[in-house]
Amino acid sequence: ESGLRQTRDIAETPRFVIGVNGTVSGWDYNASYLYTSSKLTESVEGGFPQLTKILPLLNTGLVNPFGPSTPDIQAAILASNFAGDTYVNKATLQSLQATASRELVMLPAGPLAFALGGEFRIEGYNAQPSELLIQGDVAGYGGNQAAVDVTRNVYSIYGEINVPVIKNLEFGGALRYDNYEGTGGKTTGRVTGRWNPTSGVLVRGSAGTGFRAPALSDLYGPQTQSVSTNGVSDPLRCPTTNSSIDCATQFPTTIGGNPTLEPETSKNYTLGFILQPTRDLSATFDYWYIKRKDQIDRFSAAYLLAR
């Protein structure tokens, strides 16, 4: 009787980038500055009562839960609805990066090429719920939500080299160091190989390590309380207890950030080849193997699905 739940989301994603590139003393360089943000404003347009208004009304005993209430009570129920902005969440990124590359020396099989670069960026996450949401006074939003305003500095340095060993065979290597304020640093690397035994066959492969630090929203996103969808069973307890507490029921859930999250690390391997018997016909096969070491149980469900 309080009406359908209606919300309106407005997303704004401005992006600004400026850069320069050129050649100095045999080095090809590229430098740029990037600013981008993602701002989401959510507004309620109906169906979300204020608890401090709807609960006293329900406690009067005048609301009929089994059928239509009187017009006066119906009007009072609608009057208890909240209307307006519930929260404004904004993520920002400022990045300054530069790369440079050149051919260092000419080998019998071709030029030995080298590249290096670095990046410094500032990441920000700001979540501003409305005053009523901070108080937990809007039904359907999972209780109290706290305001969040955090930033962190990140810097990275990296280099890459490509070495032609013999004609049609080359190897490459790359090394990268990332440091996230509050999370720590990690060095990752990769080696690659590329072989052209004939003009119509290319064999390629790589092996490397990976690193992913939790996003600020993963760490500090406001936590809300809710329940799972109906009909969910505990996969461990239900077969043993066969209880309605564990089987085909609903479970309390907590959705939001977890400040104890640690970075993911991974090992990555690829192997593939390209066959091109004619100029107009080619076939490609690639195999990827990724072995992750992470904390799946401590990442959000949304992140797991996205990943």
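Residues numbered from 1 in each chain as written. Predicted model: local features only at pLDDT ≥ 70, side-chain atom pairs only at ≥ 80, totals over all residues. Heavy atoms only, no water.

For the protein chain, the helix and strand inventory stands at 6 helices and 13 strands. Here the C-alpha atoms of the protein chain give a radius of gyration of 28 Å, more than 25% beyond the 19 Å that 2.2 N^0.38 yields for 307 residues. Its C-alpha atoms put the protein chain at 95 × 50 × 40 Å along the principal axes. Residue burial in the protein chain is summarised as follows: out of 307 residues, 27% are buried. Taking all contacts inside the protein chain whose residues are at least 6 apart in sequence as the whole, residues at least 24 apart take part in 64%. Working note: accessible area of the protein chain is about 19200 Å², and carbon and sulfur atoms make up 58% of it. (Helix = DSSP H or I, 4+ residues; strand = E, 2+ residues; numbered from the N terminus. Rg over C-alpha atoms; globule rule 2.2 N^0.38 Å. Buried < 20%, exposed > 50% of the residue type's maximum accessible area, 1.4 Å probe, protein only. Contact = heavy atoms within 4.5 Å. Areas by Shrake-Rupley, 256 points an atom, 1.4 Å probe, with all protein chains shown as cover.)

Residues Y269, L271, F273, L275, F285, Y287 and Y289 make up a contiguous nonpolar surface patch of roughly 700 Å² in combined accessible area. Elements supplying a minimum of two residues to the nonpolar patch: β12 (264-278) and β13 (281-293). The dominant element in the nonpolar patch, judged by the number of residues it contributes, is β12, at 4 residues. By the secondary structure assignment, Y287 is in strand β13. (Patch = residues over 30% accessible without salt bridge, like charges linked within 9 Å, V, L, I, M, F, W, Y side chains within 5 Å. Salt bridge = Lys/Arg side-chain N within 4 Å of Asp/Glu carboxyl O.)

Two measures describe an aromatic ring pair: the distance that separates the ring centres and the angle between the ring planes. Throughout the structure, instances matching the rule amount to 5 aromatic pairs. Ring geometry for F48 versus Y141: centroids 5.3 Å apart, planes at 45 degrees, classification tilted. With a gap of 93 residues between them, F48 in the loop between β3 (27-46) and α1 (51-59) and Y141 in the loop between α3 (131-134) and β6 (148-166) connect regions that are remote in the sequence. Considering the side-chain rings of Y155 and Y177, the 6.3 Å spacing of their centres and the 50 degrees angle between planes classify their relative orientation as tilted. Highlighted residues: Y155 in strand β6 and Y177 in strand β7 (residues 169-180), separated in sequence by 22 residues. (Phe/Tyr/Trp six-rings, centres within 6.5 Å; stacked < 30°, edge-to-face > 60°.)

Among the structural elements, D178 can be located in strand β7. Polar contacts involving the side chain of D178 include one to the side chain of S156, which spans 2.5 Å. Excluding residues that lie within four positions of it along the chain, D178 makes contacts with Y155, S156, G184, G185, K186 and F211. (Polar contact = N/O pair within 3.5 Å; in protein donor to acceptor, adjacent residues only side chain to side chain.)

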